[in-house]
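# Understanding the architecture of this molecule
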Amino acid sequence: MTNPSGTVTFLFSDIEGSTQRWERDPDAMSAALARHDALLRDAIEAHEGYVFKVMGDSFCAAFATAPSALAAALCGQRSLLAEDFSSVDGIRVRMAVHSGPAEERNGDYLGPAVNRVARLLSIGHGGQVLVSAAAAELLDETTPPGSSLRDLGAHRLKDLTRSERVYQLVAPDLIDTFPALRSFEHLPNNLPLQLTSFVGRDEQLAELKTLTRQHRLVTLVGTGGAGKTRCAIQAGAELLEEFSDGVFLVELAPISDSSLIATAIAQALKVREEPNRPLLDTLLAHLERRQLLLIVDNCEHLIDEARNVIAAILRGAPRVRVLATSRESLNVGGERALQLPSLSASDSVTLFADRARAADSRFELSETNAPFVSEIAERLDGIPLAIELAAARVKVLSPQQLAQKLDERLRILTGGDRSALPRHRTMRALIDWSYDLLDERERALFRRLAIFAGGWTLQSATEICSGDGIDDEWEMLDALSSLVDKSLVIVDAVGEDRRYRMLNSIREYARERLGEAGEIERIAEKHARFYAEFVHGLEPLVEALEDVEWRQTLAVELDNIRGAVEWTIFGGHDIAIGLALLADMEWPQLLTEPHESLRWFETAGRFVDAMPSALAHARILRHCVLLERIAGRTVAECEQTARRAVEVAKATRDTNEIARALANLGGMCRDAVRFDEADRAFTEAFKTPALLSRATTTVVLRMWAVMNLQRGEIELAHGRFSEVARLERPGSEAHASALLNLGELHFAAGDIQAAREAAIAAKETYADMSSVYLVLVLSNIAAYAMAADDVAEARNALREALHLQQTLRSVWLSTVLEHHALLTALEGEHDRAVLLVGFTDRRYVSLGDARQRTEQRGYERLMRLLAQSYSGDDLARRMGEGAALTEEQALAVAAAIHEATPTHR
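One structure accompanies this document, and this report is about it. (Residues numbered from 1 in each chain as written. Predicted model: local features only at pLDDT ≥ 70, side-chain atom pairs only at ≥ 80, totals over all residues. Heavy atoms only, no water.)

Across soluble globular proteins, you tend to see nonpolar side chains buried next to one another. Ranked by size, the top nonpolar core spans 89 residues in total, and within it Phe352, Phe446, Leu449, Leu581 and Met585 carry the most contacts. Broken down by element, the residue count for this core peaks at seven residues, all from helix H21 (residues 520–536). If you look at the next biggest cluster of nonpolar residues, it comprises 58 residues, including Leu774, Met786, Ala833 and Leu836. (Core = buried A, V, L, I, M, F, W, Y, C linked by side-chain atoms within 4.5 Å. Buried < 20%, exposed > 50% of the residue type's maximum accessible area, 1.4 Å probe, protein only. Helix = DSSP H or I, 4+ residues; strand = E, 2+ residues; numbered from the N terminus.)

Below, the structure is given as structure tokens:
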């Protein structure tokens, strides 16, 4: 059947006392369970139910209607009660039925309704069928023939929200009388009623319960707003039956005097102070023989005294366990700390939708608003409090408007539950609470760390943020560890190293504090200078052509590089530092999307008077040439920049820079099919090869060899490509480029198989690097495959190339689309082919570009095929229609090729 959606009725079941039966006779229980599963599945499916999960002896089923779910429950109970399970001393199965909105995802269901039916099940007894008020209402007083619902009154479930009116299914053949339900009313506790449902956290909740069973002190640690209190209370609710003397919550947040901690615990347990006796002694006497769980919430602001009192309780009351929440661990012997991470992406969206519905009953998660809700959840780092505060705004702002306003998140995230503690009413107040608990040294470091955009290392923090009592790396480590302990900084393992970061909302707050302290300019200048020196320090990797290691080293610092460039080049502060940073960035096309890095270098190139040296100016212009070409600028535009770069490079008298600039100019002349000019530029670049570095030599030879190939000088091209391949390190981008060009060389020489092998080898390296050149190598693989009449392989390669082109917007748009035109023509679909070749013809002319040898060969084959289907005038007219397409329309025509079934006419 189709999985139910929208308002779904759930039927959950499990076997009472199954653990003891398994321990007593596993073989008999295995056979009994198999029979149980068959009977229950038959009953569910006979009433159009969908079993979406089976866990041990628990069944989870979904139904489109409440009557069908109740009928399945009755049928299942009767079948189970009629079966002979005497081999395992009988089986009693408890069941629960509840209705509510739920989200179906990959065959599973998510949402508060799923959690609520599970908790309804947990208060029942074997043989009993419990029905929630929501499900009973949907029955519309219609129950299976001969059956009825018995009102068992209102009961609090373990999700701690409102009391639930609970009903019992009564019918002939069913057990009628049961003990009182295992709801909160019958178990000792002071756990507060929650106004909202508990969403997500399944893994963390399970781990927290396990740790609490195994250890006498567990501290749940997390940043402000992470949901520590809610998670701890939920764990306590679900563990309630395991503590004969109950579970009790002690709230320390309202207390400012540490001497009142024992008083707060005594009040929670209703222990009265005795005259002439310390209250802690009275408390320990009360707890000495009791088996209970104390949840001590929000210890961070009174942590020293909280540590002392909790340690005393653990020593004096051996059957008491403590679950504490804090922004740092208590450091008590035997303590187990559990870090509470941010919510997962799916749980964040579910939480937003649930709280938004509570704020505005008209809210529904839809295909239209879901992307904005996901963006909100991601930008709020999955912090539950932040998400709840944002969701409360749907009364006045749509998710799209909320997403747009998140740059002002500390102002927009206000309101929410007015009954909450003041520090929980706004994100700013919540972070204020943490900030106020820091000493002056920690505050100084906290606000300075906001300068890092993408995390940092111990070294970078020491270089940039030291001062005010933090003067070396050891002192920095001590202060940084304190901020980690207080959950204001997160530490991540990156291989064998450690990196640190802040959540976005906390970083934004810290950035404001940095501004208030008047330190932004000084710290930002140190930050930019550090990363300029960091990039300069990678020069040995450049000289060794270790581009993979270079990229990996810089990739983790990309956001910090962006921050330094924005502050200097675009913000107008310490511009020379930014210019030096970019001048030393040898392979920008490997680090960022070409249009982004082109924006950096083009803007930098305008600050002629601020250049730290002529060499820096020459390097920046040289990078502009390459980035302009990759980004799709016309050959004429790129040539103009290349000539300016040569002029500046010659003023430096730096042999390598002059050679690199001349090689770029030669490449532009080559692309304009002015081969003689190109040859002169390459010859001048290589006139003193002994003075050229290995890096420069490979660049000049590779670009020169491409021209030789286009010109038909096969032997010269082969010699130069082979030398490049010898010089480059296997696995590097440059080595992959050499393989790519050797493939072109083999193809030009008629060795299609060798061409395919070289291109596939190049693809492996480019794929590992996520390089934009992957678009070109995939296009080449397709071209070689079509030359070998392997249309299936060509289609696969072009599908991938098209997807990358749509994402990366590479310079090889015409190449990708023209190979698509040949592919669809070979498959018999000429109408799409003629549109695409019309578009690419016009584009080659407008860019002043020329087809490479491989593309020219494919183009000639394509035009022969089209000439067989269209007359000259008709072909010209149809190509004219293609020439009028926009880039988006042409890409859509190519995409349609992969959706169509080849006709092979």
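Continuing now.
The next subject is the packing of aromatic side chains. This structure, assessed with the given rule, holds 19 aromatic pairs. Measuring from centroid to centroid gives 5.4 Å for Phe10 and Tyr109, while their planes differ by 80°, and the two rings are edge-to-face. You can see Phe10 sitting in strand E1 (residues 6–15) and its partner Tyr109 sitting in strand E5 (residues 108–110), a full 99 residues away along the chain. As far as burial versus exposure is concerned, Phe10 and Tyr109 are alike and both buried. When the centroid spacing of 6.4 Å and the interplanar angle of 20° are considered together, the rings of Trp456 and Tyr500 count as stacked. (Phe/Tyr/Trp six-rings, centres within 6.5 Å; stacked < 30°, edge-to-face > 60°.)

The subject of this paragraph is the packing of helix H39 (residues 830–847) against helix H42 (residues 887–899). With their axes 10 Å apart at the nearest point, H39 and H42 run at an angle of 145° to one another. Viewed along their axes, H39 and H42 form a crossing whose handedness is left-handed. Here Arg832, Leu836, Phe839 and Arg843 of H39 come into contact with H42, specifically with Glu887, Ala890, Val893, Ala894, Ala896 and Ile897. For the contact of H39 with H42, the residue count by class is seven nonpolar, no polar and three charged. (Axes fitted to C-alpha atoms, helices over the stretch in contact; angles between N-to-C directions. Left-handed = near helix turned anticlockwise from the far one by under 90°. Contact = heavy atoms within 4.5 Å. Nonpolar A, V, L, I, M, F, W, Y, C, P; charged D, E, K, R; others polar.)

Take the sheet that holds strand E10 (residues 247–251) next. Taken in spatial order, the five strands of this open sheet run E10-E11-E12-E9-E13, and their pairing is parallel. Pairing within the sheet leaves two strands with one partner each, and these edge strands are E10 and strand E13 (336–339). When the angles between neighbouring strand axes are averaged without regard to direction, this sheet yields 20°. Across five bridges, strand E9 (residues 217–221) lies against strand E12 (residues 320–326) in parallel orientation. Across the sheet, the residue bridging to Val221 is Ser326, located in E12. (Pairing = 2+ DSSP bridges.)

Under the 1.5 Å per step criterion, the end-to-end length of helix H29 (residues 635–652) is 26 Å for 18 residues, consistent within 8% with the ideal 26 Å. Tucked into the core, H29 has its buried residues touching helix H28 (614–630), helix H30 (655–671) and H39. At the exit of H29 stands Arg653, carrying a positive phi of roughly 60°. (Expected span 1.5 Å × (residues − 1).)

Here we take up unusual backbone geometry. The phi dihedral of Asp173 falls on the positive side, at around 80°, and the residue is not glycine. Here Asp173 is to be found in the loop between strand E8 (164–170) and helix H6 (202–214). Taking relative accessible area as the criterion, Asp173 reaches 62% and is therefore assigned exposed.

We now examine the pattern of salt bridges. For the structure shown, the criterion picks out 58 salt bridges. The salt bridge partner of Arg878 is Asp831, with a shortest N-O separation of 3.4 Å. Remark: Asp831 occurs in helix H39 and Arg878 occurs in helix H41 (residues 872–883); sequence separation between them is 47 residues. According to the relative accessible area criterion, Arg878 is partly exposed, its value standing at 22%. The exposure class of Asp831 is partly exposed, given its relative accessible area of 38%. Measuring nitrogen to oxygen at the nearest pair gives 3.2 Å for the salt bridge that ties Asp874 to Arg878. Taken together, the residues span about one helical turn, with Asp874 and Arg878 both in helix H41 at a distance of four residues. Three or more residues are tied together by salt bridges with common partners; here these are Asp584, Glu586, Arg619, Arg622, Glu657 and Arg660. (Salt bridge = Lys/Arg side-chain N within 4 Å of Asp/Glu carboxyl O.)

As a further point, take a negative patch on the surface. Among the surface-exposed residues, Glu463, Asp471, Asp472, Glu473 and Glu533 lie close enough to one another that they form a single negatively charged patch. Mapped onto the elements of the fold, Asp472 is located in the loop between helix H18 (458–465) and helix H19 (473–485). For Asp472, a relative accessible area of 34% translates into the label partly exposed. (Patch = residues over 30% accessible without salt bridge, like charges linked within 9 Å, V, L, I, M, F, W, Y side chains within 5 Å. Areas by Shrake-Rupley, 256 points an atom, 1.4 Å probe, with all protein chains shown as cover. Lys, Arg positive; Asp, Glu negative; His and termini not counted. Charge placed at Lys NZ, Arg CZ, Asp CG, Glu CD.)

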